[in-house]
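For reference, the chains in residue letters:
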Amino acid sequence: MLYQDLAEEHRQLAEMVRIIAAEKIAPMVRELERKKKFSPELRDLLAEAGLMGIVVPEELGGVETDLWSEVIVLEELSKVFPTAATYLTAHWFATKLMVRAAQLAPAPEYLLRLIKKAAAGEALGAIAASEPGVGSDLGGVSTRAVLDGDEWVINGSKRWITNGGYADFYAVVVRTGGPGPRGVSVIIVESDVPGVTATRHEEKMGLHASATAEMLFENVRVPRDHVLLGADKGFGLLMEGFDEGRVTVGALSLGIAEGALDASIRYAGEREQFGHLIASYQGLQFLLADMAISVYTARAIVYDAARAVVTQNPEAARMASIAKTYASDIAMQVTTDAVQVHGGY
């Protein structure tokens, strides 16, 4: 791992997360994958390590960090158990929306309370955005919120919601105005409000211990001040967070690729065929070399994108999109090659 260009506090964070992943999370992996259910124990472990609050500034109850910290945490976790990283990405996105709203306008008391709970790991968040007919085009959401006196009444369904059914609060993307992005809002809904239901959990090819749910919001009533920054102001708030979100997906993907490469190198140095370690065969050496080149390139792209976002480089949005696309493709490529290295085993 190349961390020499990072600040000392980031190198220390990487070492801390690496130890947690190896000593505490790794022994849980096989059982959690077998159960195929969200793990409260894993959630508590992440909270106790202070990882849920690293996106909240110190004045709101968190710690003073930046996107580099998120990238490092996700990369190290994903090398061992990518599922653990998904618990954080969904929580962080929802929490950062609340933090940004609190920084841009006077925050109601409930919002400050919830941010502090999220920072302390006492409340788990989720972003409820995608719908059966709407994925990345959030300007087309159909879930509707209508004012009734001093309350919003929300009706609609959401799909593929990470932490769905287990989150303590949801940042729900809704339509409060006319068609298109200008009519979109983000409303905070706590999970104990009547009408919030996880109607089913998806069967997935991987990330089995990560909850991915279809969420129903049926006549859900929340106070008027639960809309972040006011009605019809949600689209801009969401867009501000997507560049960072793309970089974190790139970091998660990078960790997956790194973990697969590390496992392949170890196995190639242990497995014998025809009286020789398979690492001694030139064909396999070529394959491992190509895997390493791909990982190195993905790391460079993800780190460059993170640096661009942190420094507010004008090219940050483009670089973040490249990082997400390239690193996720490399994760698929390297893990597929890792299967070939391991053969029948």
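Residues numbered from 1 in each chain as written. Predicted model: local features only at pLDDT ≥ 70, side-chain atom pairs only at ≥ 80, totals over all residues. Heavy atoms only, no water.

*Asks:* Would you mind going over the overall build of the chain in detail, with residue names and values included?
*Replies:* From N to C terminus, the chain includes nine helices and nine strands. Relative to the 2.2 N^0.38 estimate, which gives 20 Å for 345 residues, the radius of gyration of the chain is 21 Å and therefore close to what a compact globule would have. With respect to the three principal axes, the spread of C-alpha positions in the chain is 80 × 40 × 35 Å. A total of 345 residues make up the chain; the buried ones form 49% of that total. Excluding contacts between residues fewer than 6 apart, the proportion of contacts in the chain whose partners are at least 24 apart in sequence is 74%. Accessible area of the chain: about 15,900 Å², with a carbon and sulfur share of 53%. In the chain, the 32 positive side-chain charges and the 45 negative ones have mean positions that sit 4 Å from each other. (Helix = DSSP H or I, 4+ residues; strand = E, 2+ residues; numbered from the N terminus. Rg over C-alpha atoms; globule rule 2.2 N^0.38 Å. Buried < 20%, exposed > 50% of the residue type's maximum accessible area, 1.4 Å probe, protein only. Contact = heavy atoms within 4.5 Å. Areas by Shrake-Rupley, 256 points an atom, 1.4 Å probe, with all protein chains shown as cover. Lys, Arg positive; Asp, Glu negative; His and termini not counted. Charge placed at Lys NZ, Arg CZ, Asp CG, Glu CD.)

*Asks:* Which residues make up helix H6 (residues 109–120), and what values do they have?
*Replies:* The first and last C-alpha atoms of H6 sit 17 Å apart over twelve residues, in line with the 16 Å expected at 1.5 Å per residue. The set of residues buried in H6 consists of Tyr110, Leu111, Leu114, Ile115, Ala118 and Ala119. What you see down the axis of H6 is that its buried residues fit within an arc of 165 degrees, all on one side. In this fold, the buried residues of H6 make contact with helix H5 (82–104), strand E4 (169–175) and strand E5 (184–190). Positive backbone phi, approximately 80 degrees, marks Gly121, located one or two places after H6. (Expected span 1.5 Å × (residues − 1). Arc of directions from axis to C-beta.)

*Asks:* Any details on the packing of H5 against H6? Residues and values, ideally.
*Replies:* Two numbers describe how H5 lies on H6: the axes approach to 10 Å, and their chain directions differ by 145 degrees. Crossing of H5 over H6 shows left-handed handedness. Two secondary-structure elements touch here, H5 through His91, Thr95, Met98, Val99 and Ala102 and H6 through Leu111, Leu114, Ile115 and Ala118. Along the lines of polarity and charge, the residues of the contact of H5 with H6 split into seven nonpolar, two polar and no charged. (Axes fitted to C-alpha atoms, helices over the stretch in contact; angles between N-to-C directions. Left-handed = near helix turned anticlockwise from the far one by under 90°. Nonpolar A, V, L, I, M, F, W, Y, C, P; charged D, E, K, R; others polar.)

*Asks:* Can you explain the pattern of salt bridges? Please cite residues and give values.
*Replies:* One pass over the structure, following the stated rule, counts 20 salt bridges. Arg221 is paired through a salt bridge with Glu151; the nearest N and O atoms lie 2.9 Å apart. Here the residue Arg221 occupies a position in strand E7 (residues 212–223), and Glu151 occupies one in strand E3 (residues 151–162), the gap between them amounting to 70 residues. You can call Glu151 partly exposed: its relative accessible area is 30%. (Salt bridge = Lys/Arg side-chain N within 4 Å of Asp/Glu carboxyl O.)

*Asks:* Give me unusual backbone geometry: which residues, what numbers.
*Replies:* Positive phi, normally seen in glycine, also occurs at Trp160, with a value near 60 degrees. With respect to the element layout, Trp160 can be found in strand E3. Even without glycine at this site, Leu229 takes up a positive phi of about 70 degrees. Here Leu229 shows up in the loop between E7 and helix H7 (234–268). We classify Leu229 as partly exposed; its relative accessible area is 30%.

*Asks:* An account of the pairing of E7 is needed here, citing residue identities and associated values.
*Replies:* Here nine bridges tie E3 to E7, and the two strands are oriented antiparallel to one another. For Thr162, the partnering residue across the bridge sits in E7 and is Thr212. (Pairing = 2+ DSSP bridges.)

*Asks:* How would you explain the packing of aromatic side chains if you had to name every residue and give the values?
*Replies:* One pass over the full model with this rule turns up six aromatic pairs. Ring centres of Phe38 and Tyr87 lie 4.6 Å apart, and the angle between their planes is 5 degrees; on these two criteria the pair is classed as stacked. With Phe38 in the loop between helix H2 (29–35) and helix H3 (40–48) and Tyr87 in helix H5, this pair connects stretches of sequence that are 49 residues apart. On the basis of relative accessible area, Tyr87 is assigned to the buried category, the value being 1%. By the ring-pair criterion, three or more aromatic residues cluster together here, those being Phe38, Tyr87 and Tyr166. (Phe/Tyr/Trp six-rings, centres within 6.5 Å; stacked < 30°, edge-to-face > 60°.)

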